[in-house]
Amino acid sequence: MLERIVSVLISAAMLCASLPDAAPPSSPGGAKANGWLQVVGTQLCNERGEPLVLHGMSSHGLHWFGQYAGRQAIMNTKAFGANLFRVAMYTGEGGYLSQPEAIKAQAVAAVDAAVAEDMYVIIDWHILSDGNPMAHADEAEAFFSEMARRYKDTPNVLYEICNEPNGGATWQGDVKPYAQRILKAIRAHSRGLVLVGSPTWSQDIHLAAEDPLEGENLLYTLHFYAGTHGQWLRDRIDEVRARGLPVFVSEWGASAADGSGGVFLQESAQWLDFLEERHISWANWSLCDKNETSAALKPGTPAGRPWTQEDLSPSAAFVFGRF
Ligand code: IDC
């Protein structure tokens, strides 16, 4: 009897010993199973050249809602089925340009947490009020050069070099030359995927199709908000893909374009069906508890514990079900 008890205790101890620090199991959609990503034609593929679709959440501004870009929050979205996390690092509005070292440390911590969870992760240079990426091209070049060096051996990392050019920024005069410059800085160290925006808040993807970048493993981002953008923007995706342009929806919301209103779940379903048919990857705006309809969590939901359906906003109750 005593022998039995001792042997049960020993096997329990061995099991526990193998748990706490063990690497997380690789997910079929994760980086351990898929390795370095590449673009083949218009399709995002894994290292073996097999089509792969990434689905996940974007953080809100790191400098406002950084707690939802921590390990537990990322683990929670993975538990709902996501294989992608976007680290939205605002440059303006009190973000990176105002406090570079602190915000960079936050971004690195978020990327490392996503990597530890075997997720693919986007480092997003989140220009918004600073609408022309050329305005801070020097800072962007230094930042992405450092990130690409840091993550040169990490297949999980994708580089989104300008969230949403707007205002007077043009494709030919601003975004394209900016993108060529940043791409060169990244390619000096890394072959990771590079995501490029376009004027009018990353909707003018047709301008990029007329005059694409030179380089490899590039995708062009298209952003939509289901309450604002409809069939005309979906048609634009088909047009540019027919011309050979690979598309990645690195941000979309189930709200209107101001982050509120709705939620527009029927319109969102129409969009996601469209993307699914075309194997286009996406990240949803945004993983935070702000009192706006695009937010995934009910106000007051803690970042530091697992979430249940009860914690999800109407937007996320829908979106998380589509991972
Ligand atoms: C919104 C946030 C909102 C914040 C505002 C300004 O949801 O809480 O006050 O930015 O910082 C985008 C942008 C994204 C916007 C989002 C909704 O990439 O930063 O977030 N949106 O307006 N493009 C289209 C919509």
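Above this note sits the structure.
Figured I'd write up the structure that's included with this text.

**A short note on the overall build of the protein**
Along the backbone of the protein there are twelve helices and ten strands. Scaling as 2.2 N^0.38, a compact globule of 323 residues should have a C-alpha radius of gyration of about 20 Å, and the protein matches this with 20 Å. With respect to the principal axes defined by its C-alpha atoms, the protein has extents near 80 × 45 × 40 Å. Taken across its 323 residues, the protein has 56% of its residues classed as buried. Surface summary for the protein: the accessible area is close to 13200 Å², and the carbon and sulfur share equals 54%. Once the 24 positive and 37 negative side-chain charges of the protein are each reduced to a mean point, those two points are 5 Å apart.

**Describing the site of the ligand**
Near the ligand you find 16 residues, and of these Tyr90, Glu164, Ala257, Lys290 and Glu292 are the closest. Separating an oxygen atom of the ligand from a side-chain N or O atom of His126 is a distance of 2.7 Å. Coverage of the ligand by the protein chains reaches 83% of its 510 Å² of free accessible surface. With respect to the detected pockets, the ligand is housed in the largest pocket. A breakdown of the residues in the shell around the ligand according to their chemical character gives six nonpolar, four polar and six charged.

**Regarding unusual backbone geometry**
Here the bond from Gly262 into Val263 is cis, since omega is 20 degrees, no more than 30 degrees from zero. Mapped onto the elements, Val263 comes out in the loop between β9 (247-253) and α11 (265-277). In this chain, Trp285 is followed by Ser286 through a cis amide linkage whose omega measures 0 degrees. With respect to the secondary-structure elements, Ser286 resides in strand β10 (residues 282-287). Its identity is not glycine, yet Glu93 carries a phi of approximately 50 degrees, on the positive side. For Glu93, the position within the fold is in the loop between β4 (84-90) and α5 (100-116). Residues other than glycine seldom take positive phi values, yet Asp118 does so here, at roughly 65 degrees. You can see Asp118 is positioned in the loop between α5 and β5 (120-126).

**Examining empty space enclosed by the protein**
Across all of its chains, the model carries two cavities of 30 Å³ or more by this definition. Counted as a void, the largest cavity has a volume near 50 Å³. Contributing to the lining of the largest cavity are Thr42, Gln43, Leu44, Leu219, Arg241, Val247, Phe248, Arg278, His279, Ile280 and Ser281. Of all the secondary structure elements, the ones that give two or more residues to the lining of the largest cavity are β2 (43-45) and β9. When its residues are assigned to classes, the lining of the largest cavity shows five nonpolar, four polar and two charged. Counted as a void, the second largest cavity has a volume near 30 Å³. Around the second largest cavity, the lining residues are His55, Leu272, Glu276, Trp282 and Arg322. Taken together, the residues of the lining of the second largest cavity sort by class into two nonpolar, one polar and two charged.

**Section: helix α10 (residues 231-242)**
In an α-helix, one turn spans 3.6 residues; hence positions three or four apart end up facing the same way. Helix length check: α10, at twelve residues, gives a terminal C-alpha distance of 17 Å against a target of 16 Å (1.5 Å per residue), a fit within 8%. Taken as a whole, α10 has its buried residues at Leu233, Arg234, Arg236, Ile237, Val240 and Arg241. In a view along the axis of α10, the buried residues occupy a sector of 150 degrees, so they form one face of it. Packing partners of the buried residues in α10 comprise α9 (205-210), β8 (218-225), β9 and α11.

**Let's talk about the sheet that holds β10**
In spatial order, the strands read β3-β4-β5-β6-β7-β8-β9-β10; together these eight strands close into a barrel with parallel pairing. Sheet twist, expressed as the average angle between the axes of neighbouring strands with direction ignored, equals 25 degrees. Pairing analysis gives two bridges linking β9 to β10, with the strands arranged parallel. Across the sheet, Trp252 pairs through a bridge with Asn284, a residue of β10. In the packing of helix α7 (residues 171-187) onto the sheet, contacts are made with β5, β6 (157-160), β7 (194-196) and β8, and the angle to β7 comes to roughly 170 degrees.

About the thresholds
Residues numbered from 1 in each chain as written. Predicted model: local features only at pLDDT ≥ 70, side-chain atom pairs only at ≥ 80, totals over all residues. Heavy atoms only, no water. Helix = DSSP H or I, 4+ residues; strand = E, 2+ residues; numbered from the N terminus. Rg over C-alpha atoms; globule rule 2.2 N^0.38 Å. Buried < 20%, exposed > 50% of the residue type's maximum accessible area, 1.4 Å probe, protein only. Areas by Shrake-Rupley, 256 points an atom, 1.4 Å probe, with all protein chains shown as cover. Lys, Arg positive; Asp, Glu negative; His and termini not counted. Charge placed at Lys NZ, Arg CZ, Asp CG, Glu CD. Near = heavy atom within 4 Å. Polar contact = N/O pair within 3.5 Å; in protein donor to acceptor, adjacent residues only side chain to side chain. 1 Å grid on protein atoms, 1.4 Å probe; cavity = no way out; pocket = protein on both sides within 12 Å on 5 of 7 lines; lining within 4 Å. Sits in = over half its atoms within 2 Å of the grid points. Nonpolar A, V, L, I, M, F, W, Y, C, P; charged D, E, K, R; others polar. Points joined across faces, edges and corners; volume = space filled by probe spheres on them. Expected span 1.5 Å × (residues − 1). Arc of directions from axis to C-beta. Contact = heavy atoms within 4.5 Å. Pairing = 2+ DSSP bridges. Axes fitted to C-alpha atoms, helices over the stretch in contact; angles between N-to-C directions.

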